[in-house]
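Take a look at the letters that make up each chain.
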Amino acid sequence: MRRSSGEDYEMNGSKWKSIGVALLLASTPLSGVMAAQDVLVLARAEDPPTADPGVEISNSGYTLIYAAYERLVAYKGASTEVGPELAESWTADAAGLVWTFKLANGHKFDDGTPVDAAAVKFSFDRLIKLKAGPSDAFPVLKEVEVVDPQTVRFHLTAPFAPFISTLAVSGAAIINPKVMEHEKDGDLAKAWLAEHSAGSGPYRITSWERNQSIVLDRNEHYAGSQPALKQVVIRIVGDVSARRLQLTNGDADIIEQIPLDQAEALQKDASVVVESNPSMYVNYIYMNNRQPPLDDAKVRQAISYAVDYQGIIDGIMLGQAKQMRGAVPSGMWGHDPQGFQYTYDIEKAKALLAEAGKSDIHLTYTFSQADPAWEPVGLALQASLAEIGIKLDLQAVADTTKRELVANGKFDMSPGAWTPDFADPYMFMNYWFDAEKMGGPGNRSFYRNTEVTALVKEAGSIVDEAKRKALYVEAQKLSTQDAPYLYIMEKNDIFARRAAVKGYVYNPMLIQVYNFGTMSKTE
Amino acid sequence: MAITRIILPRLILLLFVVLGVAVITFTISHLIPGDPARMIAGDRASAETLENVRRNLGLDRPVVEQFTIYIGNLLQGDLGTSLRTNRPVAADIRTFLPATLELGTVALFIAICVGVPLGVLSAVYKDGPIDQIARTVSVCGISMPVFWFGLILIYLFYAKFQILPGSGRLAMGIVAPERITGFLLIDSLLQGRFDAFRSAVYHIILPGFVLAFANMGVITRQIRASMLDVLQEDYIRTARASGLRKGMFIFNYALRNALIPSITLLGLALGDLLYGAVLTETIFAWPGMGTYVVTSIQTLDFPAIMGFTIVASVGYVLINLLVDLAYMLADPQIREV
């Protein structure tokens, strides 16, 4: 007995030793995890659906597309103006129907093939043939013509003022025509491009482990100066606390989708920078203009006066937003800094309601959890409206259901979020106020004012920017009086990065898109 | 004998289950208000674009026709194409299922290896300190929210002491072994990739333990209860009286009998593990079925939701079949009937 217990003791001793060794070993892979100076790790909540410029409509997918492809034109630094990228110059005819682009020399796809006019034609033909979401930015594109290898010409069916701006969108990425080698069952290489890239941007997708990580490596043939970051890794980390720990531990360099309170806490960490920039992501509320009593402008105005805008911004957004002034957000041309703004004024609201002769109003606020602010905003609205005698019921539904109900006009009030696809007031004015775009496409309050419709239509079809601006300002003035929407707030775009990450340039048009090619790390 | 009596009816049942599940999920997914075409083309898509997307996906056809096509494809093993990722659903499932199964298997292994001995000791030393500890552990396991427990462990072992990784299946910079089974632990060993094996082991410890913990509690409690019953039986008393060594009779006689009622429990536990994986996978960024299903539901990706439901229901039927077979092996009475 004695001897055996002695043996046990010996065994236990060696067991503990081996556990110790195992723990030591366990600590080694962690220290190796810390990313090298030329590798940037971005952690975000969900896997991008696809990386196909012809199909993808999410910002999460744009992260990849903007890194891997070039377009004819690009946003200049932090501004919403476009400048040359693949095209070195362009001209338009007087009517704005024919646009000729001269391609710059030296741009190559990631396999070394030069980018030429045929590739531009191929990319746009493919976009139009696919006819998925991104093609909607080109409603009047008739034909793309190859003039010579360095010259390409676009023919439009009607003048389209924002045309040059639309060439900077994700869908306008120029794709290597060789992708057709990967075509299957006439899918225009859709299946392949969903997870691969074939562009001339600074990076290319080299691996994609679904729901785990995506690796972008430098495109050796990139025409611009060589990026400092050799590799960009996008890691999918669903839980926000886990993302935050990865950032503070140094395993991630950038994390996205952080709740406001966590952003506040992160700001105290000296090794972390919380990027909070004014964006064109607006939160507003559709009021169903077709449905009584909201078909009465006085009722809508009364509601507009009953909202505690600053209370919402301070209380719900912790100050990370600002009240909207008109439909076109600040930061985009066409914004009217003198435009009328509704303020929180309960007495005025009551008076307007009395003027309208409406009482006992009972409305429903249909929302989903797609935006974390929608529920608290609904609650704030419920409290404010109660003060003027309007009863507001909150109805929570799945996001897909909410979208469907809104598209079909089956709601009283419903919150919405909007970001522009291209940098032109068209993205707001023509979508929100054109009576022909009711429902899903943009006019989600089913607003009809023939004068406003005429103004935005005209502004969308002429090229003179000063004249367009005047038309849009006028249209905003008229529509704000009608109060078809509740203009709540322009939200800040927030993410956190390690202080060692340098060179990030924020562009309000490119949410979740990073200028990886010119970023670096100093650690 | 066993084949005709137990396996065959189950296989026939399986067919009906798959068909039933397909009908139910198809109906439900088409009753939910929401337009998958809108999810793909974007909210502001023009009517024309929406129409085109619908046509491409076959969503413009009558529902009955869509269902017939779906079943026809299903019989050929085709689960359709994911609306969200443009990839075949079967390929998506092949990608994500092994990760979930690997995590579930490891968790079940931990749960059994810790839960069974703890239950036995707890029963043998009833009311002693071991029993107290075991009962505390099992109550904690059953009642502690997975989410909270997972975060505590990540905080301690990843953020604070930095001895274990907190997310993913492999460390960054380690190339995944070539895919054979999809189980990283197996694939890396088969290819002699010890760096990948080691990394995979470290990565699976925390999520595996979190997932195991709840089931460990259930198993401990169940084993303890049935052991206590068995230890009261006459034959155990006889065995004891005849001077058999304690360890011998506990393991050879008592445990064997106490395990029989636990077999069903283990079957259920396996099902639970797959279900609990949704939360665990989210916290630990584990690229498995859990996260896949959640995103599919959010985006109304019908083919993906249905594909998952069908695979899961087949899994449940097969687990039940295994449970019955295990019963047969464990209890000769059932075998002989």
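Calculation criteria
- Residues numbered from 1 in each chain as written.
- Chains lettered and ligands numbered in written order.
- Predicted model: local features only at pLDDT ≥ 70, side-chain atom pairs only at ≥ 80, totals over all residues.
- Heavy atoms only, no water.
- Helix = DSSP H or I, 4+ residues; strand = E, 2+ residues; numbered from the N terminus.
- Buried < 20%, exposed > 50% of the residue type's maximum accessible area, 1.4 Å probe, protein only.
- Contact = heavy atoms within 4.5 Å.
- Lys, Arg positive; Asp, Glu negative; His and termini not counted.
- Charge placed at Lys NZ, Arg CZ, Asp CG, Glu CD.
- Axes fitted to C-alpha atoms, helices over the stretch in contact; angles between N-to-C directions.
- Parallel < 35°, antiparallel > 145°, perpendicular 65-115°, else oblique.
- Left-handed = near helix turned anticlockwise from the far one by under 90°.
- Nonpolar A, V, L, I, M, F, W, Y, C, P; charged D, E, K, R; others polar.
- Salt bridge = Lys/Arg side-chain N within 4 Å of Asp/Glu carboxyl O.
- Buried area = accessible area lost by both parts, 1.4 Å probe.
- Polar contact = N/O pair within 3.5 Å; in protein donor to acceptor, adjacent residues only side chain to side chain.
- pLDDT = per-residue confidence, 0-100.
- Pairing = 2+ DSSP bridges.
- Core = buried A, V, L, I, M, F, W, Y, C linked by side-chain atoms within 4.5 Å.
- Expected span 1.5 Å × (residues − 1).
- Bend = angle between axes of the 7 residues up to and from the residue.
- Phe/Tyr/Trp six-rings, centres within 6.5 Å; stacked < 30°, edge-to-face > 60°.

**Some thoughts on the overall build of chain A**
If you tally the helices and strands in chain A, you get 15 helices and 19 strands. Oriented by its inertia axes, the alpha-carbon framework of chain A measures out at about 100 × 70 × 45 Å. When each of the 523 residues of chain A is scored for burial, the buried share is 58%. At a minimum sequence separation of 6, the contacts of chain A that also span at least 24 residues come to 69%. Taken together, the 51 basic and 66 acidic charged side chains of chain A have centroids lying 2 Å from each other.

**Re the packing of helix α6 (residues 129-143) of chain B against helix α9 (residues 194-232) of chain B**
All names here are of chain B. Their axes nearest at 7 Å, the elements α6 and α9 cross at an angle of 135 degrees. With respect to each other, α6 and α9 are oriented oblique. Judged by the twist between their axes, the crossing of α6 over α9 is left-handed. Across the interface between the two elements, Asp131, Ala134, Arg135, Val137, Ser138, Cys140, Gly141 and Ile142 from α6 touch Phe213, Ala214, Met216, Gly217, Val218, Thr220, Arg221 and Arg224 from α9. The residue inventory of the contact of α6 with α9, partitioned by class, reads eight nonpolar, four polar and four charged.

**Focus: the pattern of salt bridges**
Under the counting rule described, the total for this entry stands at 35 salt bridges over all chains. Put simply, Arg38 of chain B and Glu404 of chain A hold a salt bridge, and the shortest N to O gap is 3.3 Å. Taken together, the residues span two chains, with Arg38 of chain B in helix α2 (residues 36-41) and Glu404 of chain A in helix α12 (residues 399-407). Notably, a salt bridge pairs Arg135 of chain B with Asp131 of chain B, separated by 3.0 Å at the nearest N-O pair. With Arg135 of chain B and Asp131 of chain B both in helix α6, this residue pair falls four residues apart, about one helical turn. A relative accessible area of 36% places Arg135 of chain B in the partly exposed class. When salt bridges that share partners are traced, they join Asp47, Glu195 and Arg210 of chain A together with Arg87 and Asp92 of chain B into one network.

**Observations regarding the interface of chain A and chain B**
Each partner contributes residues to the interface: chain A has 56 residues there, and chain B has 52 residues. Per-residue buried area on chain A facing chain B is highest for Lys131, Asn211 and Thr400 of chain A; these three make up 13% of the total on that side. Here chain A is connected to chain B by four salt bridges. In this structure, the salt-bridge partner of Asp421 of chain A is Arg44 of chain B, at a minimum N-O distance of 3.0 Å. Remark: the boundary between chain A and chain B carries 15 residue pairs in polar contact (both at pLDDT 80 or more). Elements with a minimum of two residues in the side of chain A that touches chain B: α1 (2-33), β1 (39-44), β10 (231-236), α6 (240-249), α12 and α13 (426-433) of chain A. Residue composition of the side of chain A that touches chain B, grouped by class: 27 nonpolar, 15 polar and 14 charged.

**Quick word on the confidence of the model for chain B**
Averaged over all residues, the pLDDT of chain B is 85; the fraction at 70 or higher stands at 95%. Within chain B, the element-level pLDDT minimum falls on helix α14 (residues 332-336) of chain B, averaging 60, and the maximum on helix α8 (residues 184-190) of chain B, averaging 92.

**Digging into the pairing of strand β17 (residues 485-498) of chain A**
Residue and element names in this part refer to chain A. Of all the 14 residues making up β17, 13 are buried; the element is thus mostly covered by neighbouring parts of the structure. Bridging between strand β11 (residues 254-255) and β17 involves two bridges; their strand directions are antiparallel. Residue Ile254 lies in a different strand from β17, and its bridge partner there is Arg497. Of the strand pairs in this sheet, strand β12 (residues 272-287) and β17 are connected by 13 bridges, and their pairing is antiparallel. Across the sheet, Pro278 pairs through a bridge with Asn492, a residue of β17. Both strand β13 (residues 321-323) and β17 contribute to a ladder of three bridges, which runs antiparallel. Note on β17: the bridge partner recorded for Lys322 is Glu490.

**Observations concerning the nonpolar core**
All names here are of chain A. By size, the foremost hydrophobic cluster in this structure holds 72 residues, and its most contacted members are Leu72, Phe101, Phe124, Phe138, Phe154, Leu167 and Trp432. With seven residues, the single largest contributor to this core is α13. In this view, Phe124 contacts Phe138, Leu141, Val144, Phe154, Leu167, Ala172 and Ile174; residues no more than four positions away in its chain are not counted. Formed by 57 residues, the second largest nonpolar core is a distinct cluster that contains Val215, Val272, Tyr305 and Val307.

**A word on the side chain of Arg44 of chain B**
If you trace the backbone, Arg44 of chain B turns up in the loop between α2 and α3 (47-57). A polar atom in the side chain of Arg44 of chain B sits 2.5 Å from the backbone oxygen of Thr419 of chain A. In contact with Arg44 of chain B, not counting residues within four places along its chain, are Asp136, Trp418, Thr419, Pro420, Asp421, Met427, Tyr431, Gly440, Pro441 and Arg444 of chain A.

**Considerations on helix α5 (residues 89-124) of chain B**
The end-to-end C-alpha distance of α5 of chain B is 50 Å, a good match for the 52 Å that 36 residues give at a rise of 1.5 Å each. Of all the bends in α5 of chain B, the greatest, near 30 degrees, is centred on Phe96 of chain B, and the proline Pro98 of chain B appears no more than four residues after it.

**Brief notes about unusual backbone geometry**
Cis geometry is adopted by the peptide bond preceding Pro293 of chain A, which originates at Pro292 of chain A and carries an omega value of 0 degrees. Looking at the element boundaries, Pro293 of chain A is found in the loop between β12 and α8 (297-305). A positive phi angle, near 70 degrees, is found at Asp127 of chain B, a position not held by glycine.

**Thoughts on the sheet that holds strand β7 (residues 151-156) of chain A**
Residue and element names in this part refer to chain A. The strand order β4-β5-β7-β6 describes an open sheet built from four strands, whose pairing is antiparallel. Bordering the open sheet on either side are β4 (87-92) and β6 (141-148), each of which pairs with just one other strand. Strand-to-strand twist across the sheet, computed as the mean angle between neighbouring axes with direction ignored, equals 20 degrees. The sheet contact formed by strand β5 (residues 98-103) and β7 spans five bridges and is antiparallel. Note on β7: the bridge partner recorded for Phe101 is Val152.

**Remarks on the confidence of the model for chain A**
Here chain A averages 91 in pLDDT, and 93% of its residues register 70 or above. Contacts of residues 1-33 of chain A to residues separated by more than four positions or lying in other chains number 19 contacts, the stretch itself having pLDDT below 50.

**So, the packing of helix α12 (residues 289-298) of chain B against helix α13 (residues 302-330) of chain B**
Residue and element names in this part refer to chain B. Direction vectors running N to C along α12 and α13 enclose 140 degrees, while the axes themselves pass 8 Å from each other. The angle between α12 and α13 places the two elements in the oblique class. Considering how the two elements wind past one another, α12 and α13 form a crossing that is left-handed. Residues Met289, Tyr292, Val293, Ser296 and Ile297 of α12 lie in contact with α13, whose contacting residues are Ala304, Ile305 and Phe308.

**Digging into the packing of aromatic side chains**
Any pair of aromatic rings gets described here by the distance separating the centres and the angle formed by the planes. Residues and elements named next belong to chain A. Applying the stated rule across the entire model yields 39 aromatic pairs over all chains. Each ring, one from Phe411 and one from Phe446, has its centre 6.4 Å from the other, and the planes form 50 degrees; the classification is tilted. Of this pair, Phe411 sits in the loop between α12 and β16 (413-418) while Phe446 sits in the loop between α13 and α14 (450-461), and the two are 35 residues apart along the sequence. As far as the burial class goes, Phe411 and Phe446 line up, both buried.

**Some remarks on helix α2 (residues 59-68) of chain A**
All names here are of chain A. Most of α2 sits inside the fold, with nine of its 10 residues counted as buried. Residues of α2 that are buried: Ser60, Gly61, Tyr62, Thr63, Leu64, Ile65, Tyr66, Ala67 and Ala68. Where α2 is buried, its residues meet β1, β8 (203-209), β9 (213-218) and β10.

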